[in-house]
Amino acid sequence: MGLHCITWAKTFMVGIVPGVRVDLVKSLTGYVYVMDFSLLVLRVYFSSYHTLSLISELRLVITIIPSLLPRRHRLATFPSSCHHCSCLVERHAFIGVNIGTDLSDMPHPTQVVGLLKAQQIRHVRLYNADRGMLLALANTGIKVAISVPNDQLLGIGQSNSTAANWVSQNVVAHYPATNITTICIGSEVLTTLPNAARILVSALKFIHSALVASNLDRQIKVSTPLSSSLILDSFPPSQAFFNRSWNPVLVPMLSFLQSTGSSFMLNIYPYYDYMQSNGVIPLDYALFRPLPPNKEAVDANTLLHYSNVFDAMVDAAYFAMAYLNFTNIPVMVTESGWPSKGDSGEPDATSDNANTYNSNLIQHVLNKTGTPKHPGISVSTYIYELYNEDLKPGPLSEKNWGLFDSNGAPIYILHLIGSGSVLANDTTNQTYCAAKDGADEKMLQAALDWACGPGKVDCSLLLQGQPCYEPDTVAAHATYAFDTYYHQMGKGPGTCNFNGVAAITTSNPSHGSCVFSGSVGKNGTFFNGTAPALNSTSADSHGQYLHSSASTSGIILIGLLSWYAVFL
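Values in this document were obtained by computation on a predicted structure and should not be read as measured data. (Residues numbered from 1 in each chain as written. Predicted model: local features only at pLDDT ≥ 70, side-chain atom pairs only at ≥ 80, totals over all residues. Heavy atoms only, no water.)

Draft legend 1. A look at the packing of aromatic side chains. Taken as a whole and assessed by the stated rule, the structure comprises 21 aromatic pairs. On the numbers, 5.1 Å between centres and 75° between planes, the contact of Y271 with W338 is edge-to-face. Within this pair, whereas Y271 is found in helix 9 (residues 270-275), its partner W338 is found in the loop between strand 14 (331-336) and helix 12 (351-366), the two being separated by 67 residues in sequence. Taken together, the aromatic side chains of Y269, Y271, Y272, Y274, F288, F310, W338, Y357, Y384 and W401 make up a single cluster linked through ring pairs. (Phe/Tyr/Trp six-rings, centres within 6.5 Å; stacked < 30°, edge-to-face > 60°. Helix = DSSP H or I, 4+ residues; strand = E, 2+ residues; numbered from the N terminus.)

Draft legend 2. Representation of the sheet that holds strand 7 (residues 221-223) within the structure. Strand order in the open sheet formed by nine strands is 7-6-5-4-3-15-14-11-8, with parallel pairing between adjacent strands. Strand pairing shows two members of the sheet lacking a second neighbour, strand 7 and strand 8 (226-227), which therefore form its edges. Direction of pairing for strand 14 relative to strand 15 (residues 381-383): parallel, over a ladder of two bridges. Directly across from S336, in strand 15, lies its bridge partner I383. On top of the sheet, helix 7 (residues 200-213) reaches strand 5 (143-148), strand 6 (179-185) and strand 7; it is set at about 155° to strand 6, its chief contact. The strands touched by helix 12 within the sheet are strand 3 (95-99), strand 14 and strand 15, with strand 15 carrying the most contacts at an inclination of about 160°. (Pairing = 2+ DSSP bridges. Contact = heavy atoms within 4.5 Å. Axes fitted to C-alpha atoms, helices over the stretch in contact; angles between N-to-C directions.)

Draft legend 3. Spotlight on helix 11 (residues 309-323). The end-to-end C-alpha distance of helix 11 is 21 Å, a good match for the 21 Å that 15 residues give at a rise of 1.5 Å each. For helix 11, the buried fraction is high: 13 of the 15 residues fall into the buried class. Regarding helix 11, its N-cap is N308, as a side-chain oxygen of that residue lies 3.3 Å from the backbone nitrogen of F310 further along. N325 occupies a position one or two residues after helix 11 and carries a positive phi of about 70°. (Expected span 1.5 Å × (residues − 1). Buried < 20%, exposed > 50% of the residue type's maximum accessible area, 1.4 Å probe, protein only. Polar contact = N/O pair within 3.5 Å; in protein donor to acceptor, adjacent residues only side chain to side chain.)

Draft legend 4. Looking closely at the packing of helix 5 (residues 160-172) against helix 7. Direction vectors running N to C along helix 5 and helix 7 enclose 55°, while the axes themselves pass 8 Å from each other. When the axis of helix 5 is compared with that of helix 7, the two are oblique. The two elements helix 5 and helix 7 meet at a crossing, and its hand is right-handed. On helix 7, the residues touching N160, A163, A164, W166, V167 and V171 of helix 5 are F206, I207, S209, A210 and L211. Of the residues assigned to the contact of helix 5 with helix 7, the class counts are nine nonpolar, two polar and no charged. (Parallel < 35°, antiparallel > 145°, perpendicular 65-115°, else oblique. Left-handed = near helix turned anticlockwise from the far one by under 90°. Nonpolar A, V, L, I, M, F, W, Y, C, P; charged D, E, K, R; others polar.)

Have a look at this one:
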């Protein structure tokens, strides 16, 4: 996979040996990202007066080196405006989780964040810009996608000042403490709120203009999640195209995404594709289960083999955009998942199938498999969803897409191998920090005061009327504070001592609605300040679907030879 479509100018930097992360390469046409590299980096700098021979040697490095790399380390490009070639960035693909709030017992924001931290979830998408959640997410490093709900879309799309006020209240007020990276404008607007389609692009532009005015447009991207149902004739992917009736909206929207370096957001639900196929789509194909070559779907136009619905839909989106002459906009999947329970007419909505789909999806993304059209270029994906939402209308399956229940207990234990600690939701063998039996009460009180003060533990749940107030004893309150601090500090050595009045235990000290940080499958409370409770409901759409002279050439060749010396 060479970078033959790039015209180089001025300075750039390129990573050669796997292991060192190189963030940016600047070119005349845009940017090239090289991620996930580690042992060594070759940095080459060119002036704008470089010779043709230097350009040729540079391209030699770029086109030969990737062929030596494992697929997951290969280079890819994503120019900011490259109309004459098809280039994409291999960004650091991630797995995130959607957080819906249609629960009769929605956890407090600090509990939600506790669960996210316990599960090493570093990317979340909110269906609103709830102040409580944004405060709770502050200083956690968790990357947050917030949303303009559909019911606020008309106002923002018709008024630049309304959009500016929205950004001021929901972004500027929280950034950078809360790591907001993305703003989703509505959700599946074209299919669920078609009357607002006429102002969708205006809303995108108004919000982006407000970010520009606040000098945040480089840090925060703007896009809008769309339903995969907009893509017609999705198989074979090479023949896919968007519903032409929406082209007057899609063309300017794609132009906006291209000009701002934003992603094309798509909701992909193989479960629905499978259910509606009347047996044409095999269950294994929908669930990412391994298929023998003769069972894979083949695109007769490209001869690409597809082993799952997800990849086919992602490539269909790429081809549909190419049909409209947009070939350099990356796809981001904003929703995908599988229900764990369903009605009698939904026999394949089972915890086993949900586990299989989500486990395979997570590994597919994090292993950088990519798609047949763009191998090695993974698509960042948000799983639908964190919690089961029991207040969702519709069939039973609508209430059962979550990875956890409202108490933070896993609905099923994901089967993950090689995906690090992300969503390793096997929460067995937990340890806690508790007050020692018979400990001196004055020493306990002093330790409690320290934990809730200098220790920066959020002890608001110990106040009268809050879940952990009872039993109203120093030992009980101290145990809550000790355990929260213990988990807040990553259960490190010496974090459960408190001058000898605390000890580690395997007994869960949770009681009633007072849920402790280390509880089996439970939410934690790691937030170091108070946050208001969630005060708005989910508006989610789910279910509708990297200066020199000629001597630089020597540097390049030395680097190239060094590369061979390492690997030969």
